[in-house]
Amino acid sequence: MKDQAQVVIIGGGVAGASIAWHLGEAGCTDVLLVERAEITSGSTFHSAGLVGQLRSSLPLTRMMMRSVEVYRRLQAEADETGRSPGWSEVGSLRIASTAPRLEELTRQHGWAKTFGLPMELLGPSEAHDRFPLMDPEGVLGALWLPTDGHLDPSGLTYALIGGAKARGIDVETGVRVTDVLVEHGRVTGVVTDHGRVRAETVVAACGMYTPLVAAFAGVNLPIVPIAHQYLITKPIAGVDIDLPHLRDPDNLVYFRRESGGLVVGGYERDPAPWSVHGVPDDFNNKLLDEDWDRFAPLMANATRRVPALEHAEIVQLINGPEGFTPDNEFVLGESHVHGFFVAAGFCAHGIAGAGGVGQVMAEWILDGEPGIDSWKMDIRRFGAHYASRDLTRARASEVYSTYYDIHYPNEERLTGRPLRCSPAYERLALLDCTFGEKSMWERPNWFECNAPLGDPELRPRGWAGEHWSPAIGAEALACRDTAALFDETSFSKLELSGPRVTEFLDRVCANEMDRPIGSVTYTQLCNESGGIECDLTATRLEPNRYLLVTGTAFGNHDLGWLAKQQERLAEGDAVTLTDMTSSYACFGLWGPRARDILAPLTTDPLGNDAFPYLSARRITIGAVPVIAIRVTYVGELGWELYCPAEYGRTLWDTLWEGGHHHGMLAGGYRAIDALRVEKGYRVWSSDITPEDNPYEAGLGFAVKLDKASPFIGREALRSARERGVTRRLRTVRMADPLAVPLGSEPVRVEGAVVGRVTSGNFGFRVGGAIGFAYLPTEVADFGRRVEIEIFGEWIEAAVVSDPIWDPGGERIRA
């Protein structure tokens, strides 16, 4: 076995095989793949082999579509190579047996139009024609996607391995990794039971074993094996070679053809996590014992839908563990250990995604960037709390047991709560707070005590009206008319310091960062393609010290991205990065009366001359030392007020008492989102992503191409500005005020789909539904009439100037 390679891949399942194949395709052949036992001996060999492409976001769906392209190619080459993946493109049906499920299918059909999938919405009889074994009783409709299919998981893996070998990549089986070598925060190789291998990149792609391997490098992975079962029958009359898949989520089951019979599986309500504290060393090519008691409810549901199963002979009940994550999405990307990558946590749909995963990972390894917006799969989305195996197991079990549920917008997970709480948590609870959760922080969604002050007639139609309260409108309007107090302690707070910190920030930020002490700068941090990797504010506290504030869920991501650039720019000794999130409480006080409320509580000046917009000052509020930052995410006069966490409850009490007689209300994050849409403020991960540049997003004002320091992405952005953008993020206002777009809805002009909605909400002050959508420049002119499909209904909307609320910014500078 070679003792040095550019890339070492650990794991001979479908993920490792696909990464090796794609690296070879890209011309990178100095690669060694090691497998502790035999190829496919982990969980790949017992996969059900279904390939479905439609997912909840465009990047995820595109990754699945890439998989199908790879599988078609491998199948087309099979006669020449002798390696067949067994790809069978028979299509898939997803049926609805309830009215809410039919709404879900209708919404997904709209997504597909923007994703480029040839999906059709069928009636019950058309669905029955495609799957005649189905009892159509109770079926209301179905989605049909002809390009879905299934394959042989082992055949696919061997086809990929064979292709990788043909390109010169080394594959060694029976080689167990016993350690990962790390020096100064960078991976340098692996130790195996056959010797050491030096490598500049190591990829852990070993399925449910990956947490054990990652731990060698000091990396925690929240992946739990959960037993997933399906049965295989002997041949059944009527099962022909072209029978499509059938998914019946209301009955929690799925079906596909297998050798003239059927594969029948599902997602039961009582999942069985397995070997939570580590997979046994000898668990190779093994299954778990059949668990008929746990499978029985699924079998009863399946038989109701496909009566022929009642008399079918069963070949085997497969019970195999699959790695699941706390949010049911993959774990991909580079860890905090530079050069150590992960591709795991496939949540029983790794076969569907393997082809796309291989491409994304190969691009990430070779180019330093994944080539798509990978946030929903990024390893950096998980916080330190997921070092708890109990929490990981509880969350993974929750998402498994609700896998086929209808997930309405703003749905909240319940397990493991409360965990991370603001110092004001008990005060919020006394105000009848309806809490939500993000990154395990308890955060106020709204305060039900404010509901009587709101208008129930403003509840949006359809799904946007789920998980809703009139209190949201009351809080939003209080912020517009008087003031509202928001607990924003969960904001991620990063401190950067050191003798070269300003130079470093100027090299990674698109805006000018060398500003006076007390300045607040809104900026994007871009990749080499000009895409937006981070979106944050930076406050210069001292000559060599900055406070960066970003979204609750994005702290790990942004810190990781900064650390990577720190290494890349050789600024390790000159810049220190520290996560200060838990050290500070933060409260946002905003509204026309914000200054009137705050002034009696401090002796520090708050007027425009002494404390202008986008500036920061150290002040004292009551007895509490505070960093006051005059910035807003709601479009009103006010401040974000940061104090050491131990003062947090006292600061809340002081502000609350001071605001009562001014008509101030406590506000939640749902009101914040409604307010920010009126003001045209973007959200990273939906409105702006690594695939969108600031000029497209309407954020060109925050890009300083001519500043003294070159910055990452500058040349790409310069080219984009000189060429002119081909699309723009526009605000659209719905003709139906209660038809609120949620995101991913198709937008059409003169009958042709031209874009999709990124996010939307109801604007309580402007009195209607608002959304953001990327549109081609030729149809992005203000006043343009467009249509947006919401649950199958095309609703008229108009492209309007951005922002709708306070377009001149007078209120935030008042």
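Below is a summary of the structure that appears in this document.

As a further point, take the overall build of the protein. Helix and strand counts for the protein stand at 18 helices and 37 strands. Relative to the globule expectation of 28 Å for 814 residues, the C-alpha radius of gyration of the protein, 27 Å, shows essentially globular dimensions. By principal-axis analysis of the C-alpha atoms, the protein measures approximately 80 × 60 × 50 Å. Here the protein holds 814 residues, and 62% of them are scored as buried. Of all intrachain contacts in the protein linking residues separated by at least 6 positions in sequence, the fraction that spans at least 24 positions is 72%. For the protein, the exposed surface amounts to about 28,900 Å²; the carbon and sulfur share of it is 48%. The distance from the centre of the 78 positive side-chain charges to the centre of the 109 negative ones in the protein is 4 Å.

For the rest of this paragraph, the subject is the nonpolar core. Phe486, Ile629, Tyr642 and Ile788 are the most contacted members of the largest nonpolar core, which totals 50 residues. Ranked by residues supplied to this core, first place goes to helix H17 (residues 669-679) with five residues. Setting aside its immediate chain neighbours within four residues, phenylalanine 486 contacts Cys479, Cys586, Phe587, Gly588, Trp590, Trp652, Gly667, Gly668, Ala671, Ile672 and Leu675. Leu33, Val171, Ala354 and Trp364 belong to the second largest nonpolar core, which has 48 residues in total.

Attention now goes to the pattern of salt bridges. Applying the stated criterion to the full structure yields 55 salt bridges. One salt bridge connects arginine 73 with glutamate 77, and the closest N-O pair in it is separated by 2.9 Å. Here arginine 593 makes a salt bridge to aspartate 596, at a shortest N to O gap of 3.0 Å. With relative accessibility at 31%, the residue arginine 593 sits in the partly exposed group. Taking relative accessible area as the criterion, aspartate 596 reaches 38% and is therefore assigned partly exposed. Several salt bridges converge on common partners, so that one network encompasses Glu25, Arg73, Glu77 and Arg167.

Turning next to the packing of helix H12 (residues 470-481) against H17. The N-to-C vectors of H12 and H17 enclose an angle of 55°; their axes lie 8 Å apart at closest approach. Of the possible angle classes, the one that applies to H12 and H17 is oblique. In this structure, H12 meets H17 at a crossing whose hand is right-handed. In contact with Ile472, Glu475, Ala476, Cys479 and Arg480 of H12, H17 contributes Arg670, Ala671, Leu675 and Glu678.

Let us now look at the sheet that holds strand S25 (residues 545-550). The five strands are arranged S23-S24-S25-S22-S26 in an open sheet whose pairing can be described as antiparallel. At either margin of the open sheet sits one strand with a lone partner, and together these are strand S23 (520-526) and strand S26 (576-579). Neighbour-to-neighbour, the strand axes of this sheet turn through a mean angle of 30°, independent of strand direction. Bridge analysis of S23 against strand S24 (residues 532-542) gives seven bridges, and the strand direction is antiparallel. Along S24, the bridge assignment pairs tyrosine 522 with threonine 537.

Inspection of the secondary structure assignment puts valine 34 in strand S2 (residues 31-35). The class for valine 34 is buried, based on a relative accessible area of 2%. Residues valine 34 and alanine 623, spaced 589 residues apart in sequence, show a C-alpha to C-alpha distance of 61 Å. The contacts of valine 34, once residues within four sequence positions are left out, are Met1, Val8, Ile9, Ile10, Gly11, Gly12, Glu172, Val175 and Val177.

For the rest of this paragraph, the subject is the sheet that holds strand S33 (residues 746-749). Strand pairing in a sheet takes place through backbone hydrogen bonds and is either antiparallel or parallel in direction. An order of S32-S35-S34-S33-S36-S37 is seen for the six strands of this closed barrel, with the pairing classed as antiparallel. Direction aside, the axes of adjacent strands within the sheet are offset by 40° on average. The sheet contact formed by strand S34 (residues 752-763) and strand S35 (residues 768-776) spans seven bridges and is antiparallel. Following the sheet pairing, phenylalanine 762 is matched in S35 by alanine 769.

Turning our eyes to something else, we now look at the pairing of strand S13 (residues 245-248). Neither face of S13 is open: one carries His245 and Arg247, the other Leu246 and Asp248, and all of them are buried. Of the strand pairs in this sheet, S13 and strand S14 (residues 253-258) are connected by three bridges, and their pairing is antiparallel. When the bridges of S14 are listed, arginine 247 appears paired with tyrosine 254. Linking S13 to S14, which pair antiparallel, is a turn of four residues; within it leucine 252 sits at a positive phi near 70°.

Taking burial as the measure, the seven residues of strand S30 (residues 638-644) include six buried ones, the bulk of the element. With seven bridges joining them, strand S27 (residues 584-590) and S30 adopt antiparallel strand pairing. Bridging across to S30, phenylalanine 587 finds its partner in leucine 641. In this structure, strand S29 (residues 624-629) lies alongside S30, joined through three bridges in antiparallel fashion. The residue bridging isoleucine 627 from the neighbouring strand is tyrosine 642, located in S30.

Running from amino to carboxyl end, helix H2 (residues 58-76) crosses helix H9 (residues 350-367) at an angle of 95°, the nearest separation of the two axes being 7 Å. Between H2 and H9, the interaxial angle falls into the category roughly perpendicular. Of the residues in H9, those touching H2 at Met63, Met64, Arg66, Ser67, Val70 and Tyr71 are Ile351, Ala352, Gly353, Ala354, Gly355, Gly356, Val357, Gln359 and Val360. Tallied by class, the residues present in the contact of H2 with H9 amount to nine nonpolar, five polar and one charged.

The next point concerns the packing of aromatic side chains. Applying the stated criterion across every chain, the model contains 24 aromatic pairs. Ring centres of phenylalanine 330 and phenylalanine 346 lie 4.7 Å apart, and the angle between their planes is 45°; on these two criteria the pair is classed as tilted. With phenylalanine 330 in the loop between strand S16 (314-324) and strand S17 (331-334) and phenylalanine 346 in the loop between strand S18 (340-344) and H9, this residue pair connects regions lying 16 residues apart in the sequence. Each of the two residues, phenylalanine 330 as well as phenylalanine 346, counts as buried. Here tryptophan 375 and phenylalanine 554 contribute two aromatic rings whose centre-to-centre distance is 5.5 Å and whose plane-to-plane angle is 75°, an arrangement assigned as edge-to-face. Of the two residues, tryptophan 375 sits in the loop between H9 and helix H10 (389-401) while phenylalanine 554 sits in the loop between S25 and helix H14 (555-568), which places them 179 residues apart along the sequence. Accessibility assignment for this pair places tryptophan 375 and phenylalanine 554 in one class, buried. Taken together through their ring pairs, the aromatic side chains of Tyr267, Phe324, Tyr400, Tyr403 and Tyr404 make up a single cluster. The positively charged end of arginine 617 is found above the aromatic ring belonging to phenylalanine 611, 5.4 Å away from the centroid. Positioned above the aromatic ring of tyrosine 774, the side-chain terminus of arginine 727 is 4.1 Å from the ring centre.

The next thing to look at is the environment of proline 146. Relative to the elements of secondary structure, proline 146 occurs in the loop between strand S6 (141-145) and strand S7 (149-150). When the C-alpha positions of proline 146 and methionine 119 are compared, they lie 7.3 Å apart, and in sequence the two are 27 residues distant. When residues no more than four places from it in sequence are discounted, the contact partners of proline 146 are Glu89, Val90, Gly91 and Pro118.

Now for unusual backbone geometry. Trans peptide bonds make up the majority, and among non-glycine residues the majority have a negative phi. For the bond from arginine 417 to proline 418, the omega torsion is -10°, close enough to zero to count as cis. Omega for the peptide link from aspartate 802 to proline 803 comes to 5°, which places this bond in the cis form. Along the chain, the position of proline 803 falls in the segment after strand S37 (793-800). One non-glycine residue with positive phi stands out, namely histidine 184, at about 55°. The topology assignment puts histidine 184 in the loop between strand S9 (177-183) and strand S10 (186-192). The exposure class of histidine 184 is exposed, given its relative accessible area of 85%. We note that serine 259 has phi near 50°; this positive angle belongs to a residue other than glycine. Among the structural elements, serine 259 can be located in the loop between S14 and strand S15 (261-266). By relative accessible area, serine 259 is classed as exposed at 58%.

About the cut-offs
- Residues numbered from 1 in each chain as written.
- Predicted model: local features only at pLDDT ≥ 70, side-chain atom pairs only at ≥ 80, totals over all residues.
- Heavy atoms only, no water.
- Helix = DSSP H or I, 4+ residues; strand = E, 2+ residues; numbered from the N terminus.
- Rg over C-alpha atoms; globule rule 2.2 N^0.38 Å.
- Buried < 20%, exposed > 50% of the residue type's maximum accessible area, 1.4 Å probe, protein only.
- Contact = heavy atoms within 4.5 Å.
- Areas by Shrake-Rupley, 256 points an atom, 1.4 Å probe, with all protein chains shown as cover.
- Lys, Arg positive; Asp, Glu negative; His and termini not counted.
- Charge placed at Lys NZ, Arg CZ, Asp CG, Glu CD.
- Core = buried A, V, L, I, M, F, W, Y, C linked by side-chain atoms within 4.5 Å.
- Salt bridge = Lys/Arg side-chain N within 4 Å of Asp/Glu carboxyl O.
- Axes fitted to C-alpha atoms, helices over the stretch in contact; angles between N-to-C directions.
- Parallel < 35°, antiparallel > 145°, perpendicular 65-115°, else oblique.
- Left-handed = near helix turned anticlockwise from the far one by under 90°.
- Pairing = 2+ DSSP bridges.
- Nonpolar A, V, L, I, M, F, W, Y, C, P; charged D, E, K, R; others polar.
- Phe/Tyr/Trp six-rings, centres within 6.5 Å; stacked < 30°, edge-to-face > 60°.
- Lys NZ or Arg CZ within 6 Å of the ring centre and 35° of its normal.

These values are about where atoms sit, not about what they do.
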